[in-house]
Amino acid sequence: MRASDLAAVTSIERRITGSKRVSALRTHLAAMLRGRTGICLVADLDGVVGGFLVGDVAPWEFGEDRQVAWIKVVGVDPHHQGAGLGKRLGQAFLGELRRKGIRRAKTLVAWNSGDLVTYFQSLGFDRADAIVLERSV
Ligand SMILES: CC(C)(COP(=O)(O)OP(=O)(O)OC[C@H]1O[C@@H](n2cnc3c(N)ncnc32)[C@H](O)[C@@H]1OP(=O)(O)O)[C@@H](O)C(=O)NCCC(=O)NCCS
C-alpha cells in the first residue's frame, strides 16, 4: 500500500460499511505508512485498488511470549468480492509473516459476522482459546 492508494482504500471501506462519515482508517493508515509500521497490502487490479488488508505486529501478547501479528481490517471492493482477492490478500499477509519469522496471526471478528469467520477459516484460522472482555469507562 502507498499513500496514493488511501483514497481508493477509504472509498472501498465506505462502500462496504455504507457510512458517509470520514473514517479514522485513513489517518491511521497514513501514519502507519509514514512510520513504516505494520503490514499494509492492497490488491492491485491493473492499477486499480480492488481490496486491502492491514495488520500490525505486537512484540508480545497475552498468552504469547513471541511476536504476534494482528489483522486489523480487511476489505474487498463489493464489485470484486467472491473472486479470490480476499484470499490472495490473506495469503500474501501470511507469507510476509513467514518471511519475517512471525509464527502466529490473530484477528477479532464480530460474533455475528459469519461471513468473516468463514473467510478467516478459509485462510486456516480457528477459534482461539480466549474470550474478549470489555466495559465502558
Ligand atoms: C470477507 C472478504 C474480505 C472476503 O473477500 P473476497 O475476495 O470476497 O473472498 P474470496 O473470494 O477470496 O473468498 C475466500 C474465501 O472466503 C469465503 N467467503 C468470502 N466471502 C464470504 C461470504 N460472504 N460468506 C461466506 N464465505 C465467504 C469464500 O467461500 C472463500 O472460501 P474458499 O477459499 O474455501 O472457497 C470480503 O467479502 C469483504 O471485504 N467483506 C467485508 C469485510 C468488512 O466488513 N470489512 C470491514 C470494513 S472495511
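Residues numbered from 1 in each chain as written. Predicted model: local features only at pLDDT ≥ 70, side-chain atom pairs only at ≥ 80, totals over all residues.

Visitor: Would you mind showing me how to read the overall build of the protein chain here?
Guide: Across its full length, the protein chain holds 4 helices and 4 strands. Starting at the N terminus, the α and β elements of the protein chain follow one another as α-α-β-β-β-α-β-α. Against the compact-globule benchmark of 14 Å for 137 residues, the protein chain has a radius of gyration of 15 Å, which places it among compact chains. Viewed in the frame of its principal axes, the protein chain has a C-alpha envelope of about 40 × 35 × 35 Å. Taking as baseline every contact in the protein chain between residues at least 6 positions apart, the subset at least 24 positions apart corresponds to 55%. (Helix = DSSP H or I, 4+ residues; strand = E, 2+ residues; numbered from the N terminus. Rg over C-alpha atoms; globule rule 2.2 N^0.38 Å. Contact = placed C-beta atoms within 7 Å.)

Visitor: Even after reading the chapter, I still don't get the site of the ligand, so can you show me in this structure?
Guide: With respect to spatial proximity, 19 residues lie near the ligand, and among them G75, Q81, G86, K87 and D115 are the closest. It is helix α4 (residues 114–122) that provides the largest number of residues to the shell around the ligand, a total of 5 residues. Looking at the shell around the ligand residue by residue, the class counts come to 8 nonpolar, 8 polar and 3 charged. (Near = placed C-beta within 6 Å. Nonpolar A, V, L, I, M, F, W, Y, C, P; charged D, E, K, R; others polar.)

Visitor: When you look at the nonpolar core in this model, what are you seeing that I'm missing?
Guide: Soluble globular proteins tend to bury their nonpolar side chains together. Judged by nonpolar contacts, the single largest core of 21 residues is most densely connected at V9, L41, V42, F52, L53 and L89. Of all the secondary structure elements, the ones that give two or more residues to this core are α1 (6–17), α2 (25–35), β1 (39–45), β2 (48–58), β3 (68–76) and α3 (85–100). In this view, L41 contacts M1, F52, L53, L89, A92 and F93; residues no more than four positions away in its chain are not counted. (Core = buried A, V, L, I, M, F, W, Y, C linked by C-beta atoms within 7 Å. Buried ≥ 20, exposed ≤ 12 C-beta atoms within 10 Å, placed from the backbone.)

Visitor: Is there a simple way to think about unusual backbone geometry in this case?
Guide: Residues other than glycine predominantly adopt negative phi, and peptide bonds predominantly adopt the trans conformation. A positive phi angle is found at R36, which is not glycine, with a value near 50°. By the secondary structure assignment, R36 is in the loop between α2 and β1. With a phi close to 50°, D46 is a non-glycine residue in the positive phi region. Positionally, D46 belongs in the loop between β1 and β2.

Visitor: For this particular structure, what's the right way to read the sheet that holds β1?
Guide: Hydrogen bonds between backbone atoms are what pair the strands of a sheet, whose relative direction is either parallel or antiparallel. Strand order across the open sheet formed by 4 strands is β1-β2-β3-β4, with mixed pairing between neighbours. Both edges of this open sheet fall to β1 and β4 (105–107), since each of them pairs with a single strand only. Pairwise comparison of adjacent strand axes, ignoring direction, gives a mean angle of 30° for this sheet. (Pairing = 2+ DSSP bridges. Axes fitted to C-alpha atoms, helices over the stretch in contact; angles between N-to-C directions.)

Visitor: What's the story with the pairing of β2 in this structure? I'm lost.
Guide: Looking along a regular strand, one sees the side chains alternate between the two faces of the sheet. Two strands pair when backbone bridges link them, and β1 and β2 are joined in this way by 7 bridges, in the antiparallel orientation. Within the sheet, the bridge partner assigned to L41 lies in β2 and is L53. A loop of 2 residues connects β1 with β2, the two strands running antiparallel in sequence, and D46 in this loop sits at a positive phi of about 50°. Sheet topology note: the β2/β3 ladder contains 8 bridges and is antiparallel. When the sheet's bridge partners are listed, L53 is paired in β3 with V74.

Visitor: I tried to follow the packing of α1 against α2 on my own but got confused; where do I start?
Guide: Pairs of packed helices are described in terms of their axes, by the angle between the two and the distance that separates them. Put simply, α1 and α2 touch, their axes get as near as 10 Å, and they point 145° apart. As α1 runs across α2, the sense of the crossing is right-handed. Counted together, L6, V9, T10 and E13 of α1 and L25, R26, L29 and A30 of α2 form the full contact between these two elements. In terms of residue class, the contact of α1 with α2 is built from 5 nonpolar, 1 polar and 2 charged. (Left-handed = near helix turned anticlockwise from the far one by under 90°.)

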